[in-house]
Protein chains: 4
Amino acid sequence: MVDCFPDTQDKAPALPVELSRVGVKGVKKLLTLNRGEKLRPIVLIPTFDAYVDLPSDQKGIHMSRTPEAISEVIEEVTTSDAVEVESICAEIVEKMMLKHEYARKIEVEMESDYMFNRKSPVTEKNSQEMGKLIAKAVGIRDKDKITIRKSIGAEVVGMTVCPCAQETVKEVDKNKLLEFLDEETTQKVIDTVTFASHNQRGVGTILIEVPKNQKINADTIIEIIESSMSSPVSGLLKRPDENATVMNAHQKPVFVEDCVRNMVEKIVDEFSYLPDDTIITICQLNKESIHRHDAFAEKVSTMAELKEEMKDILN
Amino acid sequence: MVDCFPDTQDKAPALPVELSRVGVKGVKKLLTLNRGEKLRPIVLIPTFDAYVDLPSDQKGIHMSRTPEAISEVIEEVTTSDAVEVESICAEIVEKMMLKHEYARKIEVEMESDYMFNRKSPVTEKNSQEMGKLIAKAVGIRDKDKITIRKSIGAEVVGMTVCPCAQETVKEVDKNKLLEFLDEETTQKVIDTVTFASHNQRGVGTILIEVPKNQKINADTIIEIIESSMSSPVSGLLKRPDENATVMNAHQKPVFVEDCVRNMVEKIVDEFSYLPDDTIITICQLNKESIHRHDAFAEKVSTMAELKEEMKDILN
Amino acid sequence: MVDCFPDTQDKAPALPVELSRVGVKGVKKLLTLNRGEKLRPIVLIPTFDAYVDLPSDQKGIHMSRTPEAISEVIEEVTTSDAVEVESICAEIVEKMMLKHEYARKIEVEMESDYMFNRKSPVTEKNSQEMGKLIAKAVGIRDKDKITIRKSIGAEVVGMTVCPCAQETVKEVDKNKLLEFLDEETTQKVIDTVTFASHNQRGVGTILIEVPKNQKINADTIIEIIESSMSSPVSGLLKRPDENATVMNAHQKPVFVEDCVRNMVEKIVDEFSYLPDDTIITICQLNKESIHRHDAFAEKVSTMAELKEEMKDILN
Amino acid sequence: MVDCFPDTQDKAPALPVELSRVGVKGVKKLLTLNRGEKLRPIVLIPTFDAYVDLPSDQKGIHMSRTPEAISEVIEEVTTSDAVEVESICAEIVEKMMLKHEYARKIEVEMESDYMFNRKSPVTEKNSQEMGKLIAKAVGIRDKDKITIRKSIGAEVVGMTVCPCAQETVKEVDKNKLLEFLDEETTQKVIDTVTFASHNQRGVGTILIEVPKNQKINADTIIEIIESSMSSPVSGLLKRPDENATVMNAHQKPVFVEDCVRNMVEKIVDEFSYLPDDTIITICQLNKESIHRHDAFAEKVSTMAELKEEMKDILN
């Protein structure tokens, strides 16, 4: 009886409209990536979104085939050693291409909490820190040929200190110092003292395309994001660590715009081997301590464009 | 003293990198739109995001000018009768073009809770229902000429009933009925009875470009979204209303894909006067009652493409 | 036909279990509070949660009566001048007591965005600022007597500067200054300069019981929350305003604990007329700029206890 | 230098106010619980909140000691075999009692995604399903004696079908059937057919105190929550599974109130060995498909009270 259920999805729809994306959002899985005997496995709890396009002559997409493809890949991966999350997304795209034979474009996106280890700056306490890993794969079918472009990235929280507010505080305090100090001593004091500014939680995000036979280390991306803000943050800071974090951050004030530019420089520096048409998305969100709203900056471009902009700096 | 603060933003940045978007996210305002003496004013609490692009020779965007532009427009609008939210976004773009004279592209987005009135289907109880209004404006400066494209849309919750599950339930029950009824009576029963399926909260979204001298009524968009699902929902349903809602919805089962197609048909029907290059985005998210995850469908296209797909239906 | 629908809710449940709270969550309404001819009406978009207890001999609560009670009160209020949101909650409790005649305890909670006006500290720009209004009413029925206790409160964002980090920065910089300045000059410099610390968005919350014939002004609560942090924040700060905000905030560093204590002091000062058994809840959440996690402090007590703690300070 | 930083927290505060809770919110960690050689380790990414009370003579709590305590316990646990999350919370409370010697009350709460395996009802496909594990420990210090009460629980999504709407649909359809069938056949048809209702995602939650030397299996709690709704849901349902899920669910319609009562019955059945003063919290939230708002029911009581209510049922 079960086998003869009518296949409502395969029928022609009443309205012959093509759809750009049909799929599932929020499929959550446990993913254990073994890394050989010596290293502890990487554990992720990724959430997947996955879509196919749908031609105008088909009513529905057989929705269940998509979580099925995700499940099958997750199950296989846990026992293999293919550890790149963007490759997992690409494998899901491939499996979905088989299951949705009418689809010409398939997209899979993933994000997951991701644990990385840090030491606090002075007391060198070990601390588990939590960031987000993001990955994406887009497959295009042209007749029998399937081309997949995949990307990996991360989202990390850090601390940003506003350079503009720090300059104005310095200016006001300088005028007060000049009332009892000469210019030279005032300048020495200014060069010595850590002036206040507003500072806040910043969230940096990078997403980079990865060519078929290349690898990009997610940990390197995390380091780039962290080091592009005024200071990394930490879950565990003893008093000397807190002091060093604050003082270091105020030595390196950055606008939301600067964070993006710093990430650009480091990406060009680190991943210059990537092809010219590699698409790179970089953004920074600062949860301003002096406002109710957030500040935001974004750059979307190709590796060729980034290299062109950086050419005077890098030579 | 205050006047001589250094302008950190106007300096050249250390890294000559152009940025795609720099701005603010989450600026929340109260907006009262008067509609003449006879009508109650429309009240919105919109949240704005607003961005400018930034050339490679300027360090920062003078961030405060953006919430200032939003505030000024909001303040002016409350005492005028320009009631289209997409026009408010366009006015903010214009004001930002003046304040950020280096910008070539400026984007403003807005969303707000929006109250509309409905009667329950049987007892005709009045009920305030809450949807979301969305609007957007993008300005491009080419030398001295500024072109602004603006869009209006809405996001509304409704109920969707799965046609596939309903068919299989009908199939299983039909076989049971055939054990004690003849084929003809069985068919009559099947045509009479409201068979179960899974049903759930669906969220439909439409965003439509609005040409310079045209208007699109947000209430019409809301009606299109509501009527493209199996049934509208309501905050206040007495027992007969609840019954009618459930029975009506099960007379009109729709996939997530069907909701999008239904919206396409109604949009072409209602807004056929819009230019061919009008960009229209339609999507539907169903919070599946049988899954932890959601089902999703989306169509992004131009009015010309929609009309082409619909031409056999409409003639 | 409609009238003879079976009343499933009135049946005895299979399991004779009493329930503490049964109701609705997330009922969103538009509420316009007129304030006479001279003042602009207050507009809120509150979200209501409302619960009744359910005896062990009744299967269901007739759920629709609760949003109905909310709707009816909202409809009446828009045309009256009863402007206290906690009284609106109390009226909903009263109406629900009539509709749920078996209920012995009824709870109604509400929260809404709430706009208040501020001037920026130096340039005196007007700015709409957005906080949250919260209110609550709990009714107890003892035979024919109904007692209602109601509360009003608010949640407001501000800026907090850490006193501990500022002390350590000062200590480190002092030692550096002593390398080229004598002790007295060093001290003068320290007293002059605005030392850095970490600072962040803080969220303060107060909820206060309001006796039957008393009023508590929500705007006063908002001022207490704002002034208990290092500085208010604003959506619109020109450079001199930003400077003043940062400098003022660093003159008044506060721990998350201090914010709560400051609110205690101001509440005792402002609302000393409230009865001894008035329950007062105060909390503060700091979205730490040096951590991924938040810092939190809370005090729940009666007015009598607060007065006892404050007695040495106030005399 | 580092060692002589001033201890701002140990000072007396300007206002001698006692605080109920001071601590951290949102500390996220990776937790691997080994279960011997044969079983795969359980992996969690819990988020912790942890608070201490603060006497009126101390300015601050030495905030960093709290994430430090969490880190230390997490680090120890990964290499032990103490697998109960509520015991991990209790260990953090103990460690915090040592680090915050002034504290009389310490609270630690935790929640984490938690993966469990299910088979689909007909095709028996394996599927990873995701729920939430919750745990809590509260420690009270009375002179030298520390008493800790700990709790474990879970939050699981399932499907609920409304019994009231199903009854009214049946009533309406019955009248239509009577137009061409006799009473007896009509009744047979009614007993055979799966009538429609509204159905939706429900979220059930249970939290149970665990005595010092007892264990409560989290998987049993998850099964109780799932089986108290109309049907479990699944990430992977082929057409026959979807059909069975829908048909089974409609055989077992439940109000939000019934879900809580069903959980009560199963808890009394399963955990009758727990002491009379065990506190048990049960709630159910239904994301109604016919409304924008949710339906909610809750019961908070002791095991003694639950047993008393259930005594006629259980005998």
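Within each chain, residues carry numbers counting from 1 in the order of the written sequence. Whichever chain is written first is A, and whichever ligand is written first is 1; the rest continue in order. With pLDDT at 70 or above as the cut-off, local features in this predicted model cover only qualifying residues; side-chain atom pairs require 80 or more to be listed or tallied, and sums for whole chains, interfaces and linings still use all residues. Values shown for side chains rest on all heavy atoms present in the structure; no hydrogens or waters enter the calculation.

A few words on the overall build of chain A. Put simply, DSSP marks the helices as runs of H or I at least four residues long and the strands as runs of E at least two long, and each gets a number from the N terminus on. The helix and strand inventory of chain A stands at 8 helices and 11 strands. Relative to a compact globule of 315 residues, whose C-alpha radius of gyration would be 20 Å, chain A shows 25 Å and is clearly more extended. Its C-alpha atoms give chain A principal-axis dimensions of roughly 95 × 45 × 40 Å. Expressed as a percentage of the 315 residues in chain A, the buried residues total 63%. By definition, residues are in contact when any of their heavy atoms lie within 4.5 Å. Sequence-distant contacts in chain A: of pairs separated by 6 or more residues, those separated by 24 or more amount to 71%. The method behind every accessible area is Shrake-Rupley, applied with a 1.4 Å probe, and residues are considered shielded solely by the protein chains displayed. Looking at chain A as shown, the accessible area adds up to about 12,200 Å², and 47% of this sits on carbon and sulfur atoms. Measuring between centres, the 41 positive side-chain charges of chain A sit 3 Å from its 55 negative side-chain charges. For the radius of gyration, the atoms used are the C-alpha atoms, and the globule rule reads 2.2 Å times the number of residues raised to 0.38. Exposed residues in this analysis have more than 50% of their type's maximum accessible area, buried residues have under 20%, and partly exposed residues fall in between, with area computed by a 1.4 Å probe over protein chains only. Residues counted as positive are Lys and Arg, residues counted as negative are Asp and Glu, and His and the chain ends are not counted. Note that the charge is assigned to NZ on lysines, CZ on arginines, CG on aspartates and CD on glutamates.

Once that is clear, we can look at the relation of the copies chain A and chain D. Residues below a pLDDT of 70 in either copy are left out; the C-alpha atoms of the rest, at least 70 in both, set the least-squares superposition of the copies. Once chain A is rotated about the relating axis by 180° and shifted along it by 0.0 Å, it coincides with chain D to within an RMSD of 0.0 Å. This pairing of chains is accounted for by a two-fold axis. For chain A, the residue whose C-alpha comes nearest the rotation axis is Val43 of chain A, separated from it by 3.7 Å. A shared interface surface links the copies, since 100% of the contact residues of chain A are contact residues in chain D too.

Let us now look at the interface of chain A and chain C. Chain A puts 51 residues into the contact, and the matching count from chain C is 51 residues. A simple way to read buried area is as the amount of 1.4 Å-probe accessible surface that goes missing from two parts once joined, with both sides added. Roughly 4,100 Å² is buried in total at the junction of chain A and chain C, and carbon and sulfur atoms are behind 60% of that figure. The largest contributions to the chain A side of the interface with chain C come from Arg201, Ile290 and Arg292 of chain A, which together make up 20% of the buried area. Any carboxyl oxygen of Asp or Glu that lies within 4 Å of a side-chain nitrogen of Lys or Arg is treated as forming a salt bridge with it. For the interface between chain A and chain C, the tally reads 4 salt bridges. Listing elements by their share of the side of chain A that touches chain C, those giving two or more residues are β6 (126–142), β7 (145–161), α3 (163–177), α4 (183–192), β8 (199–210) and α6 (239–251) of chain A. Looking at the side of chain A that touches chain C element by element, the count peaks at 8 residues for α3 of chain A.

So, on to the packing of aromatic side chains. Aromatic contacts are taken between Phe, Tyr and Trp rings whose centres are within 6.5 Å, Trp giving its six-membered ring; a plane angle under 30 degrees counts as stacked, one over 60 as edge-to-face, and the others as tilted. Per the counting criterion, the structure on display carries 8 aromatic pairs over all chains. Aromatic pair Phe271 of chain D and Tyr273 of chain D: ring centres 6.3 Å apart, planes at 80°, arrangement edge-to-face. Given the relative accessible area of 39%, Tyr273 of chain D is considered partly exposed. Here, a charge over a ring means that NZ of Lys or CZ of Arg falls within 6 Å of the ring centre while also lying within 35 degrees of the ring normal. Between the NZ or CZ atom of Arg21 of chain B and the centre of the ring of Tyr51 of chain B, over which it lies, the distance is 4.3 Å.

All names here are of chain C. Orientation is described by axes fitted as lines to C-alpha atoms, over the contacting stretch for helices, and by angles from 0 to 180 degrees between their N-to-C directions. At their nearest, the axes of helix α3 (residues 163–177) and helix α4 (residues 183–192) sit 10 Å apart, and the two run at 145° to each other. Crossing hand, α3 versus α4: right-handed. When α3 is examined against α4, the residues Lys170, Lys174 and Leu177 are found in contact with a partner set consisting of Thr186, Val189 and Ile190. Note on residue classes: Ala, Val, Leu, Ile, Met, Phe, Trp, Tyr, Cys and Pro are nonpolar, Asp, Glu, Lys and Arg are charged, and everything else, Gly too, is polar. Here the residues of the contact of α3 with α4 sort into 3 nonpolar, 1 polar and 2 charged. Crossing handedness follows the turn of the near helix against the far one: under a right angle anticlockwise gives a left-handed crossing, and clockwise gives a right-handed one.

Time to look at the relation of the copies chain A and chain C. The two copies are related by a screw operation: chain A maps onto chain C through 180° of rotation and 0.0 Å of translation along the axis, at an RMSD of 0.0 Å. Residue by residue, 100% of the interface of chain A is reproduced at the interface of chain C, so both copies engage with the same surface.

In this section: the interface of chain A and chain D. Taken together, the 31 residues of chain A in the interface contact 31 residues of chain D. In this assembly, chain A packs against chain D so that about 3,000 Å² is buried in total across both faces, 55% of it on carbon and sulfur atoms. Our count for the chain A to chain D interface comes out at 6 salt bridges. Ranked by the residues each element gives to the side of chain A that touches chain D, the list is headed by helix α1 (residues 65–77) of chain A, at 5 residues.

Its location among the elements puts Ala69 of chain A in helix α1. Those residues in contact with Ala69 of chain A that sit more than four places away from it in its chain are Lys95, Met96 and Lys99 of chain A.

Residue and element names in this part refer to chain A. Backbone geometry at His62 places phi at a positive 55°, although glycine is not the residue there. Residue classification places His62 among the buried residues on the basis of a relative accessible area of 7%. One non-glycine residue, Lys143, lies in positive phi territory at about 55°. Along the polypeptide, Lys143 turns up in the loop between β6 and β7.

Turning to the packing of helix α1 (residues 65–77) of chain B against helix α2 (residues 85–99) of chain B, a few remarks are in order. Residues and elements named next belong to chain B. As a packed pair, α1 and α2 sit with axes 9 Å apart at the nearest point and diverge in direction by 135°. As judged from the angle between their axes, α1 and α2 are oblique. Seen from above, α1 lies across α2 with right-handed handedness. On the side of α1, the interface is formed by Arg65, Thr66, Glu68, Ala69, Ile70, Glu72, Val73, Glu76 and Val77, while α2 contributes Ile88, Glu91, Ile92, Lys95, Met96 and Lys99. Across the contact of α1 with α2, the residue classes break down as 7 nonpolar, 1 polar and 7 charged. Roughly parallel here means an angle under 35 degrees, roughly antiparallel means over 145, roughly perpendicular means 65 to 115, and every remaining angle is called oblique.

Of note, Val189 of chain D is situated in helix α4 (residues 183–192). Along the chain, Val189 of chain D and Ser71 of chain D lie 118 residues apart, while their C-alpha atoms are 62 Å from each other.

All names here are of chain D. Taken across its 8 residues, strand β4 (residues 47–54) has 7 buried, putting it largely inside the fold. Where strand β1 (residues 19–28) lies against β4, 7 bridges are found, and the strand directions are antiparallel. Looking at the pairing, Val22 lines up with Val52 of β4. We call two strands paired when DSSP finds no fewer than two bridges between them. Across 6 bridges, the pairing between β4 and strand β5 (residues 105–119) is antiparallel. Bridge pairing in β5 links Val52 to Ile106.

Another point: helix α8 (residues 303–314) of chain D. Residue and element names in this part refer to chain D. If you check α8, its first and last C-alpha atoms are just 14 Å apart, much less than what 12 residues at 1.5 Å a residue would give, namely 16 Å. Taken as a whole, α8 has its buried residues at Met303, Leu306, Glu309 and Met310. Projected down its long axis, α8 shows its buried positions confined to an angular sector of 135°, all on one face. Buried positions along α8 lie against α7 (256–270), β10 (279–286) and β11 (294–302). One less than the residue count of a helix, multiplied by 1.5 Å, gives the span that helix is expected to have. The directions from the helix axis to the C-beta atoms form the arc being described.

Counting 137 residues, the largest nonpolar core has Ile267 of chain A together with Ile267 of chain B as its most contacted members. Residues enter a nonpolar core if they are buried and are Ala, Val, Leu, Ile, Met, Phe, Trp, Tyr or Cys, with the set joined through side-chain atoms within 4.5 Å. Membership of the second largest hydrophobic core comes to 136 residues, among which are Val24, Ile74 and Val268 of chain C together with Leu31 of chain D.

Here we take up the confidence of the model for chain A. A score from 0 to 100, pLDDT tells how confident the predictor is in each residue. With 97% of its residues at a pLDDT of 70 or more, chain A shows a mean pLDDT of 93. With a pTM of 0.95, the predicted complex shows an ipTM of 0.93.

Moving on: the environment of Lys11 of chain A. Residues and elements named next belong to chain A. Structurally, the position occupied by Lys11 is in the segment before β1 (19–28). You can call Lys11 partly exposed: its relative accessible area is 43%. With 45 residues separating them in the primary sequence, Lys11 and Ser56 have C-alpha atoms 11 Å apart. Sequence-distant contacts of Lys11, defined by excluding residues within four places in its chain, comprise Asp57, Gln58 and Lys59.

Let's shift gears to the pattern of salt bridges. It is possible for side chains bearing opposite charge to pair when their charged atoms get close. Overall, the coordinates contain 93 salt bridges over all chains when judged by the stated rule. Between Asp113 of chain A and Lys28 of chain D there is a salt bridge, and its shortest N-O distance comes to 2.9 Å. Pair noted here: Asp113 of chain A is in strand β5 (residues 105–119) and Lys28 of chain D is in strand β1, and the two residues belong to different chains. Glu107 of chain D is paired through a salt bridge with Arg21 of chain D; the nearest N and O atoms lie 3.3 Å apart.

Our focus in this paragraph is α4 of chain C. The α-helix winds at 3.6 residues per turn, so residues separated by three or four positions along the chain end up facing the same way. Of the positions making up α4 of chain C, those classed as buried are Thr185, Thr186, Val189, Ile190 and Thr192 of chain C. Along the long axis of α4 of chain C, the arc covered by the buried residues comes to 165°, so they all point the same way. Residues of α4 of chain C that are exposed and point over 90 degrees away from its buried face: Glu183, Glu184 and Asp191 of chain C. Looking at the packing, one finds that the buried side of α4 of chain C touches α3 and α4 of chain A together with α3 of chain C.

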